[in-house]
Amino acid sequence: QVQLVESGGGLVQAGGSLRLSCAASGRTFSSYVMGWFRQAPGKEREFVAAISCSGGRTYYADSVKGRFTISRDNAKNTVYLQMNSLKPEDTAVYYCAADTRPLMVAYNGMDYWGKGTLVTVSS
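Only a predicted model underlies this, so the values are computations on that prediction, with no experimental measurement involved.

Peer 1: So what's going on with the overall build of the protein? Which residues, and what values?
Peer 2: For the protein, the helix and strand inventory stands at one helix and eleven strands. Taken over the C-alpha trace, the protein has a radius of gyration of 13 Å; the compact-globule value for 123 residues is 14 Å, and the two agree within 12%. Here the C-alpha coordinates of the protein stretch approximately 40 × 25 × 25 Å along the principal axes. Burial analysis of the protein (123 residues in total) assigns 44% to the buried set. Long-range contacts, defined as pairs at least 24 residues apart, comprise 58% of the intrachain contacts of the protein with a sequence gap of at least 6. For the protein, the exposed area adds up to about 6300 Å²; of that, 47% sits on carbon and sulfur atoms. Distance from the positive charge centre (13 side chains) to the negative charge centre (9 side chains) of the protein: 5 Å.

Peer 1: Got a sec to walk through the side chain of R72? Specific residues and values, please.
Peer 2: By secondary structure assignment, the location of R72 is in strand 7 (residues 68-73). With no salt bridge to any partner, buried R72 finds its closest opposite charge in D73, at an N-O distance of 8.3 Å. Separated by 2.9 Å, the side chain of R72 and the backbone oxygen of F29 make a polar contact. For R72, the side chain forms a polar contact with the main-chain oxygen of Y32, separated by 2.8 Å.

Peer 1: Which residues make up the packing of aromatic side chains, and what are the values?
Peer 2: Applying the stated criterion across every chain yields a total of six aromatic pairs. Judged by centre distance (5.9 Å) and plane angle (85°), the ring pair of Y32 and Y112 falls under edge-to-face. Separated by 80 residues along the polypeptide, Y32 in the loop between strand 3 (18-24) and strand 4 (33-39) and Y112 in strand 10 (residues 112-113) bring together distant segments of the chain. Judged by its relative accessible area of 5%, Y32 is buried. The rings of F37, F47, Y59, Y107 and W113 are connected pair by pair, giving a single aromatic cluster. A cation over an aromatic ring shows up here: R19 above the ring of Y80, its NZ or CZ 3.9 Å from the ring centre. The aromatic ring of F29 is capped on one face by R72, whose charged end is 4.5 Å from the ring centroid.

Peer 1: Report on the sheet that holds strand 7, specifying residues and quantitative values.
Peer 2: With antiparallel pairing, four strands are arranged side by side in an open sheet as 1-3-8-7. Looking at strand neighbours, the two that pair on one side only are strand 1 (4-7) and strand 7, the edges of this open sheet. Pairwise comparison of adjacent strand axes, ignoring direction, gives a mean angle of 15° for this sheet. Bridge count between strand 7 and strand 8 (residues 78-83): six bridges; the pairing is antiparallel. Looking at strand 8, one finds that D73 is bridged to T78.

Quick notes on the rules
Residues numbered from 1 in each chain as written. Predicted model: local features only at pLDDT ≥ 70, side-chain atom pairs only at ≥ 80, totals over all residues. Heavy atoms only, no water. Helix = DSSP H or I, 4+ residues; strand = E, 2+ residues; numbered from the N terminus. Rg over C-alpha atoms; globule rule 2.2 N^0.38 Å. Buried < 20%, exposed > 50% of the residue type's maximum accessible area, 1.4 Å probe, protein only. Contact = heavy atoms within 4.5 Å. Areas by Shrake-Rupley, 256 points an atom, 1.4 Å probe, with all protein chains shown as cover. Lys, Arg positive; Asp, Glu negative; His and termini not counted. Charge placed at Lys NZ, Arg CZ, Asp CG, Glu CD. Salt bridge = Lys/Arg side-chain N within 4 Å of Asp/Glu carboxyl O. Polar contact = N/O pair within 3.5 Å; in protein donor to acceptor, adjacent residues only side chain to side chain. Phe/Tyr/Trp six-rings, centres within 6.5 Å; stacked < 30°, edge-to-face > 60°. Lys NZ or Arg CZ within 6 Å of the ring centre and 35° of its normal. Pairing = 2+ DSSP bridges. Axes fitted to C-alpha atoms, helices over the stretch in contact; angles between N-to-C directions.

Encoded structure:
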C-alpha cells in the first residue's frame, strides 16, 4: 500500500504556471504507475496525466497535452505535474494517484489516492 500527499496548489492568473508535487510513502514507489486526475466544481473526476514506473512513458488528456508535463523522481518518491499556460477551465482539485497495473490500463482509474490540492486559475 502507498500513501500519497499532494502539495503546490494555489491561485494563479490565466497564462501562469504552477508545479504540483506528490510525495509517496513506502519503499516500492518505483513499482507504481503514477497519475494526476482533477475534479472541477460540479463535474466528475477526470484523468489528466500518467507516467510509467520508470518514467520513460507518459500519457496525457487531450485537454492538457502540450501545456502540462508529468515527471517523477524515484529516488525522492515524488511525482510532479508542471502546469503551464493555465486556463480558467483548469480550475479544479488535483489528485495524485497510484496503481500497480500497466499505464494504459491504470489511467482509467487507479487504486490509491491522495486527498487533493486545489488549483484556482483566475481570468
